[in-house]
Amino acid sequence: AEGRQQELAVRAALGAGWGRLAREILIESTLLGLGGGVVAVGLAYAAVEWLRWLSPAELPRLEEISVDPVVLGFVFVLSLAAGLFFGAFPVWRYAVPRVGQALRARASRESYRTRSVLAVAQVALALVLLVSCGLMIRTALAIRRVDPGFAEPERVLTLRLSVPAAMIPEPARVARLYHALTERIGALPGVEAVGFGGQVPMDGSGSFDPVFAEDRTYTEGQLPPMRRQKELAPGYLRALGQRLLAGRDLEWADVHDMRRVALVSEALAREYWGSAPAAVGKRIRENVTGQWREVVGVAADTRDDGAHRPVPTAVYWPFLKDKFWSDDISLRRSLTLVVRSRRAGDGAFLGEVRQAIWSLNPDLPLAGVRTMREVERRSLARTNFMLVILSLAGSLALVLGLVGIYGVIAHAVARRTREIGIRLALGAPAQAVTGLFVRQGAWMAGAGVVTGLFAAWPLARLLQSLLYGVTPLDPLTYAAVALGLVAVTLAAAWIPSWRATGIDPARTLRTE
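Counting restarts for each chain: residues are numbered from 1 in the order of the written sequence. For this predicted model, a pLDDT threshold of at least 70 governs which residues receive local features, and a threshold of 80 or more governs which side-chain atom pairs are given and counted, while totals over whole chains, interfaces and linings are taken from all residues. Side-chain descriptors were evaluated using all non-hydrogen atoms of the structure, hydrogens and water having been removed beforehand.

**Details of the overall build of the protein**
Line of reasoning, step 1. Strands are runs of DSSP state E lasting at least two residues, helices are runs of H or I lasting at least four, and both sets are numbered from the N terminus onward. When helices and strands are counted, the protein shows 16 helices and 14 strands.
Line of reasoning, step 2. Scaling as 2.2 N^0.38, a compact globule of 512 residues should have a C-alpha radius of gyration of about 24 Å, whereas the protein reaches 35 Å, well beyond that.
Line of reasoning, step 3. Each of the three principal axes of the protein carries a C-alpha extent, and together these read 105 × 50 × 45 Å.
Line of reasoning, step 4. Partly exposed residues are those whose accessible area sits between 20% and 50% of the maximum for their type, while under 20% is buried and over 50% is exposed, using a 1.4 Å probe and protein chains only. For the protein, the proportion of its 512 residues judged to be buried stands at 44%.
Line of reasoning, step 5. Considering only residue pairs separated by 6 or more positions, the protein has 77% of its internal contacts joining residues 24 or more positions apart.
Line of reasoning, step 6. The method behind every accessible area is Shrake-Rupley, applied with a 1.4 Å probe, and residues are considered shielded solely by the protein chains displayed. By element, 62% of the accessible surface of the protein is carried by carbon and sulfur atoms, the whole surface being about 26400 Å².
Line of reasoning, step 7. His residues and chain termini do not enter the charge count, which takes Lys and Arg as positive and Asp and Glu as negative. By convention, the charge on Lys lies at NZ, on Arg at CZ, on Asp at CG and on Glu at CD. One way to put it: in the protein the 59 positive side-chain charges average out to a point 11 Å from where the 45 negative ones average out. The globule rule used for comparison is 2.2 Å times the number of residues to the exponent 0.38, while the radius of gyration itself is calculated over C-alpha atoms. Between two residues, a contact is recorded if the distance between any of their heavy atoms is within 4.5 Å.

Okay, here's the thing in structure tokens:
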């Protein structure tokens, strides 16, 4: 509309009404908005098909991602609103008779100033989005670097195994069967360690109950904090790759003789007794009337609730024990088999493990076959998904900033083509002409970056509860985003001015 102001002024002088001119401008602007929406929907369909073809593991429920009618309706309304909203500005400025009396130079300066302000705002908004995305991306990367508490997860095979009471009613026989399974599977080629546990870290399961310590006092009605409860068999820690920090691991004699022993996590040991070694020999129980059980070992903490969650305090009970809660004999019948081997991801190895289990009892139900690497990836699926989405959002923000600066400079170059020709004809170096427009782009980029930094700071503080391993005022993120955006916008300002200096001066002098 700014390029057509002379035409609009002439039409107004010849009797064209304000309504007719406004209607034409709004129709053109609305068609542009709807056209952009159509292109966007086409790109979205193509992007979804491309994602399905790639099938990235970090995108959960990929088959459910689609451009549904709700998305289409949203895009239509947004495109229509954008066309009407941004069409209203040229209607207000150019569809009135006073434009005909406006001086051409003044109008040009006003239009250039308006475009510059919009470009600065666009860069500022792009920086705000980039800072927010940068903080969240750094959070996602920090989460992925967190030690989960177990080593080499790709070498750990897990599967669920259950011994129903209808199959083997006697708890002691169930314990002997699990013992025999560990020996049979441990004898397979390449197996380094075997164990059983009620659950594995990061699988989303687990129960919580209070734990009472003998050397701590509790007032009447007071309960200690809730702790994660785990039940396991000997060999579980070694098979999982979880370090034993103090004391000893469970032994099969502890299980068969139902000795009153337990293990605790490092976090619980530090909270109750100050250090891992100090916890060994202490006694704990599950309730105020339960039997005291001696802490014989302290295991390293694991990220049971996910890498981005605080380390939970935990207690490890033998899967077979006496006088536990209200049961004379407490037995965990469903356990997770944990096998450490370099062959963990091999289908043939899985077949050997199944055969070893069914050689002892062919009726045992098996389920949930996966490696700990798969468990870890599943727990990080949301983080990885966020990383992908934010990377795309940051890229789009960068493109928007680039397009804003490029559009303003390219339009300014087009309006001053004759001036460029005169400068070149009079002997001005091409670098000087290019530098003129690059400086304008640098000014807009700098103003946008400064404005964006002031706007990003309070908005980043709203993300504080979502951040991990990075502060809302992380200087590295702010510096990288600001420098990167300035570099990109300077390149966007240089390209159209460089192209203009390559035009023949004689040709530019004939340009109107």
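**So, the pattern of salt bridges**
Line of reasoning, step 1. Note on definitions: salt bridges are taken to be side-chain nitrogens of Lys or Arg within 4 Å of carboxyl oxygens of Asp or Glu. Evaluation of the coordinates by the stated rule reveals 24 salt bridges.
Line of reasoning, step 2. With a shortest N-O distance of 3.4 Å, arginine 52 and glutamate 49 are connected by a salt bridge. Here arginine 52 pairs with glutamate 49, and both are found in helix 2 (residues 18-54), just 3 residues apart, close to one helical turn.
Line of reasoning, step 3. Classification of arginine 52 by relative accessible area gives partly exposed; the value is 33%.
Line of reasoning, step 4. Taking the relative accessible area as the measure of exposure, glutamate 49 reaches 47% and is therefore partly exposed.

**Quick look at empty space enclosed by the protein**
Line of reasoning, step 1. Residues are called lining when one of their atoms sits within 4 Å of a cavity or pocket point, these points coming from a 1 Å grid over the protein atoms alone, where a cavity is a set in which a 1.4 Å probe fits but cannot get out and a pocket is an open set with protein on both sides within 12 Å along at least five of seven lines. Grid points are joined across faces, edges and corners, and a volume is the space filled by probe spheres set on the points. The final tally for this structure, using the stated rule, is 1 cavity of 30 Å³ or more.
Line of reasoning, step 2. A volume near 40 Å³ is recorded for the largest cavity.
Line of reasoning, step 3. Around the largest cavity, the lining residues are Ile143, Arg144, Val146, Pro148, Met202, Ala307, Glu376, Ser379 and Leu380.
Line of reasoning, step 4. Mapped by element, the contributors of at least two residues to the lining of the largest cavity are helix 4 (104-144) and helix 11 (372-379).

**Quick look at the confidence of the model for the protein**
Line of reasoning, step 1. pLDDT measures how confident the predictor is about each residue, on a scale from 0 to 100. Mean pLDDT over the protein works out to 86, with 93% of the residues at or above the 70 mark.
Line of reasoning, step 2. Confidence over residues 99-103 falls short of pLDDT 50; this stretch has 5 contacts with residues more than four positions distant or in other chains.

**Observations concerning the nonpolar core**
Line of reasoning, step 1. Core analysis: the largest hydrophobic core is formed by 36 residues, its most contacted members being Leu127, Val131, Ile405, Ile409, Ile420, Phe437 and Met444.
Line of reasoning, step 2. Those elements that provide at least two residues to this core are helix 4, helix 12 (381-415), helix 13 (417-425), helix 14 (430-461) and helix 15 (475-501).
Line of reasoning, step 3. The dominant element in this core, judged by the number of residues it contributes, is helix 4, at 11 residues.
Line of reasoning, step 4. Those residues within four positions of isoleucine 420 in sequence are excluded, and the remaining contacts are Val413, Val433, Phe437 and Ala500.
Line of reasoning, step 5. Residues belong to a common nonpolar core when they are buried Ala, Val, Leu, Ile, Met, Phe, Trp, Tyr or Cys residues joined through side-chain atoms within 4.5 Å. In terms of nonpolar packing, the next biggest core, distinct from the first, is built from 30 residues, Tyr178, Leu320, Ala344 and Ile357 among them.

**Section: the packing of aromatic side chains**
Line of reasoning, step 1. Centres within 6.5 Å are what make two rings of Phe, Tyr or Trp a pair, Trp counting through its six-membered ring; a difference in plane orientation under 30 degrees is then read as stacked, over 60 as edge-to-face, and the rest as tilted. Under the definition given, this model contains 8 aromatic pairs.
Line of reasoning, step 2. Between phenylalanine 85 and phenylalanine 86 the ring centres are 5.0 Å apart and the planes differ by 85°, which places this aromatic pair in the edge-to-face class.
Line of reasoning, step 3. What makes phenylalanine 86 exposed here is its relative accessible area of 52%.
Line of reasoning, step 4. Residues tyrosine 272 and tryptophan 273 carry aromatic rings whose centres are separated by 5.3 Å and whose planes lie at 80° to one another, so their mutual orientation is edge-to-face. Judged on exposure class, the residue tyrosine 272 and its partner tryptophan 273 are both buried.
Line of reasoning, step 5. Among the aromatic residues, ring-to-ring pairing joins Tyr178, Phe196, Trp252 and Phe319 into one connected group.
Line of reasoning, step 6. We call a charge positioned over a ring when the NZ of a Lys or the CZ of an Arg lies within 6 Å of the ring centre and within 35 degrees of the ring normal. Here the guanidinium or amino end of lysine 321 rests over the ring plane of phenylalanine 324, the centre of that ring lying 4.7 Å away.

**Topic: helix 11**
Line of reasoning, step 1. Regarding helix 11, the residues found buried are Met372, Val375 and Glu376. Buried residues of helix 11 fall within an arc of 95° about the axis and therefore sit on the same side. Residues of helix 11 that are exposed and angled more than 90 degrees away from the buried face: Arg377 and Arg378.
Line of reasoning, step 2. Summarising the contacts, the buried residues of helix 11 are in contact with strand 1 (156-162), helix 6 (236-240) and strand 14 (366-371). It is the directions from the helix axis to the C-beta atoms whose arc is reported.

**A closer look at helix 13**
Line of reasoning, step 1. Considered for burial, the residues of helix 13 that qualify are Thr417, Ile420, Gly421 and Leu424. Taken down its axis, helix 13 places every buried residue within 100° of arc, on the same side.
Line of reasoning, step 2. Within two residues after helix 13, glycine 427 carries a phi angle of roughly 100°, on the positive side.

**Digging into the pairing of strand 10 (residues 314-318)**
Line of reasoning, step 1. Within strand 10, 5 of the 5 residues are buried, leaving the element largely enclosed by the surrounding structure.
Line of reasoning, step 2. With burial as the criterion, each face of strand 10 is covered, one bearing Ala314, Tyr316 and Pro318 and the other bearing Val315 and Trp317.
Line of reasoning, step 3. When strand 5 (residues 226-232) meets strand 10, the two strands line up parallel, connected through 5 bridges. When the bridges of strand 10 are listed, glutamine 229 appears paired with valine 315.
Line of reasoning, step 4. Each pair of strands is called paired provided DSSP finds at least two bridges between the two strands. Across 2 bridges, the pairing between strand 7 (residues 261-265) and strand 10 is antiparallel. Looking at the pairing, leucine 263 lines up with tyrosine 316 of strand 10.

**A few points about the side chain of glutamine 229**
Line of reasoning, step 1. Within the secondary structure, glutamine 229 is located in strand 5.
Line of reasoning, step 2. Judged by relative accessible area, which is 9%, glutamine 229 ranks as buried.
Line of reasoning, step 3. Polar contacts, as counted here, are pairs of nitrogen or oxygen atoms within 3.5 Å of one another; within protein the pair requires one atom able to donate a hydrogen and one able to accept it, and residues that are adjacent in sequence qualify only if both atoms are side-chain atoms. Reaching out from glutamine 229, the side chain makes a polar contact with the backbone oxygen of aspartate 209 at a distance of 3.1 Å.
Line of reasoning, step 4. Once you skip the residues sitting within four places of it in the chain, glutamine 229 turns out to touch Gln199, Ser207, Phe208, Asp209, Pro210, Val211, Val315 and Trp317.

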